[in-house]
Structures are given as structure tokens and as C-alpha cells.
Amino acid sequence: MGLQDGIKKDYSNKTDYLWLGSSGTILKGLDLAVEYFKVHPEFTLHVVSNADGDFIRTTGADQCANIHFYGFVNISSELFRGIARKCSFLVYPSCTEGLPGAVVNSMLYGIIPIVTRWAAFDEVEKLGYLLEDMTIGSVETAINWSQSLSEREVAHLSQACQHYVRENYTL
């Protein structure tokens, strides 16, 4: 059984988003994601990261009921599987890395990428959303795009992401 096997996603839930990453959270755009979600309590951001406590306090994210920090979570754990069931989209406005493992691993769980060109791959615009730049306005445009998708479109993209990763990457 693979990491993503057995995940039953709720494609109608478009209010929960994931940010997955390790150290270097500002270079990977967590600050932009937090700033957006702070003023949009109708959406929830699940942050799976070793985000530093000073970062969390400085951004005020610790005061937001819609932003949840989990710390390090093994991607094969039941906790991560539960988060992946909720989230249809990865918000990852990174300015570094090339195609990061966070994007590939999220897609393996059927999470549709919303990424910058620095965190993208050739087919990103067929399987997700390419952020125009690293601004809150660009994140807002991407979230609006994700909200405009029908449940059927979300299901199709989610399944296409899983298929793409299975066909192009190995553990």
C-alpha cells in the first residue's frame, strides 16, 4: 500500500489549504500565505513545518483561529493523511528550490499545487496554478481561481496530480 492509498478526499471542501515545508519558511513564502489567511478567516491554512516560534508570533499567526501549525509531521502518518483528506490545494509561493519535494509529496496525496515558477514543473498550469509573482495579490488571485473550480474540476485535477507523480517520480 502506497503513502497516498486509501485517502478519501472531500472534493467539495475548498476552504482548507496546505503549506508544507521545512526550514527557510520566508524563502518558501509562508509569510505571504499567513498574511493572506490572516485577513480571510473563511479559509483555513494548515501549516506542516518546523516554523520557528518567533516567526509565528511576529506574523501574528498564533492569534488566528484559521491558521493551524502542526510542526514536523511524517508524510506517511495518519495525522498527515487526515490533513491531506481536508486540503485540496497547496499554497507554496516559494522563491527558491526548483521543484521541491513538498510539491511532489502534496500532489501524491491529490493536493493541487498553487506555486511560483521557482517551485513549479513543466505541466503545472495543466495540473494546478502558477502564481504570477510573489505578492499577496497574486496569492489572492490564485485562491479566487481555486474557489471558481467546480467539485468535478477539483476531483479531476486532484486525480491528475496523483497520476502525474506516480508516472514521473519514484520514492
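Residues numbered from 1 in each chain as written. Predicted model: local features only at pLDDT ≥ 70, side-chain atom pairs only at ≥ 80, totals over all residues. Heavy atoms only, no water.

## Regarding the sheet that holds strand β6 (residues 129-130)
And then number 1: The strand order β3-β2-β1-β4-β5-β6 describes an open sheet built from six strands, whose pairing is parallel. In this open sheet, the two strands that pair with only one neighbour each are β3 (67-71) and β6.
And then number 2: Pairing analysis gives four bridges linking strand β4 (residues 89-92) to strand β5 (residues 112-115), with the strands arranged parallel. If you follow Val 91 over to β5, its bridge partner there is Ile 114.
And then number 3: The strands that helix α4 (residues 101-108) touches are β1 (16-20), β4 and β5; relative to β4, the one it contacts most, it runs at about 170°. (Pairing = 2+ DSSP bridges. Helix = DSSP H or I, 4+ residues; strand = E, 2+ residues; numbered from the N terminus. Contact = heavy atoms within 4.5 Å. Axes fitted to C-alpha atoms, helices over the stretch in contact; angles between N-to-C directions.)

## Digging into the packing of aromatic side chains
For any pair of aromatic rings, the description rests on two quantities: the centre-to-centre distance and the angle between the ring planes.
And then number 1: Counted by the stated rule, this structure contains nine aromatic pairs.
And then number 2: Between Tyr 36 and Phe 37, the ring centres sit 5.3 Å apart and the planes meet at 85°, which makes this aromatic pair edge-to-face. Accessibility assignment for this pair places Tyr 36 and Phe 37 in one class, buried.
And then number 3: Ring geometry for Tyr 129 against Trp 145: centres 5.2 Å apart, planes inclined by 40°, an arrangement best described as tilted. Residue Tyr 129 is located in strand β6, and its partner Trp 145 is located in helix α6 (residues 136-148); the two are separated by 16 residues in the primary sequence.
And then number 4: Put simply, the rings of Tyr 17, Tyr 36, Phe 37, Phe 43, Phe 89, Tyr 129 and Trp 145 touch in pairs and so form one group of aromatic residues. (Phe/Tyr/Trp six-rings, centres within 6.5 Å; stacked < 30°, edge-to-face > 60°. Buried < 20%, exposed > 50% of the residue type's maximum accessible area, 1.4 Å probe, protein only.)

## Things to note about the pattern of salt bridges
Two side chains of opposite charge can pair, provided their charged atoms sit close to one another.
And then number 1: According to the stated counting rule, one finds four salt bridges in the structure shown.
And then number 2: Note that Arg 57 is salt-bridged to Asp 54, the shortest N-O span being 2.6 Å. A residue pair is termed a helical-turn pair when its members lie 3 or 4 positions apart in one helix, as Arg 57 and Asp 54 do in helix α2 (residues 53-59) at three residues.
And then number 3: Here Arg 57 falls in the exposed class, since its relative accessible area comes to 52%.
And then number 4: Under the relative-accessibility criterion, Asp 54 is labelled partly exposed at 48%.
And then number 5: One salt bridge in this structure joins Glu 78 and Arg 85, with 2.6 Å as the shortest N-O distance.
And then number 6: Residues joined by salt bridges that share partners form a network here, namely Glu 78, Arg 81 and Arg 85. (Salt bridge = Lys/Arg side-chain N within 4 Å of Asp/Glu carboxyl O.)

## So, the packing of α4 against helix α7 (residues 151-168)
And then number 1: Direction vectors running N to C along α4 and α7 enclose 120°, while the axes themselves pass 7 Å from each other. Our classification of the angle between α4 and α7 gives oblique. Between α4 and α7 lies a crossing of left-handed hand. Counted together, Val 104, Met 107 and Leu 108 of α4 and Cys 161, Gln 162, Tyr 164, Val 165 and Arg 166 of α7 form the full contact between these two elements.
And then number 2: Looking at side-chain class alone, the contact of α4 with α7 contains six nonpolar, one polar and one charged residues. (Parallel < 35°, antiparallel > 145°, perpendicular 65-115°, else oblique. Left-handed = near helix turned anticlockwise from the far one by under 90°. Nonpolar A, V, L, I, M, F, W, Y, C, P; charged D, E, K, R; others polar.)

## A look at the packing of helix α1 (residues 30-38) against α6
And then number 1: Here α1 crosses α6 at 65°, and the two axes come no closer than 9 Å. By the criterion of interaxial angle, the relationship of α1 to α6 is roughly perpendicular. α1 and α6 meet at a crossing whose hand is right-handed. Residues Leu 32, Glu 35, Tyr 36 and Phe 37 of α1 pack against Ile 136, Val 139, Glu 140 and Ile 143 of α6.
And then number 2: When its residues are assigned to classes, the contact of α1 with α6 shows six nonpolar, no polar and two charged.

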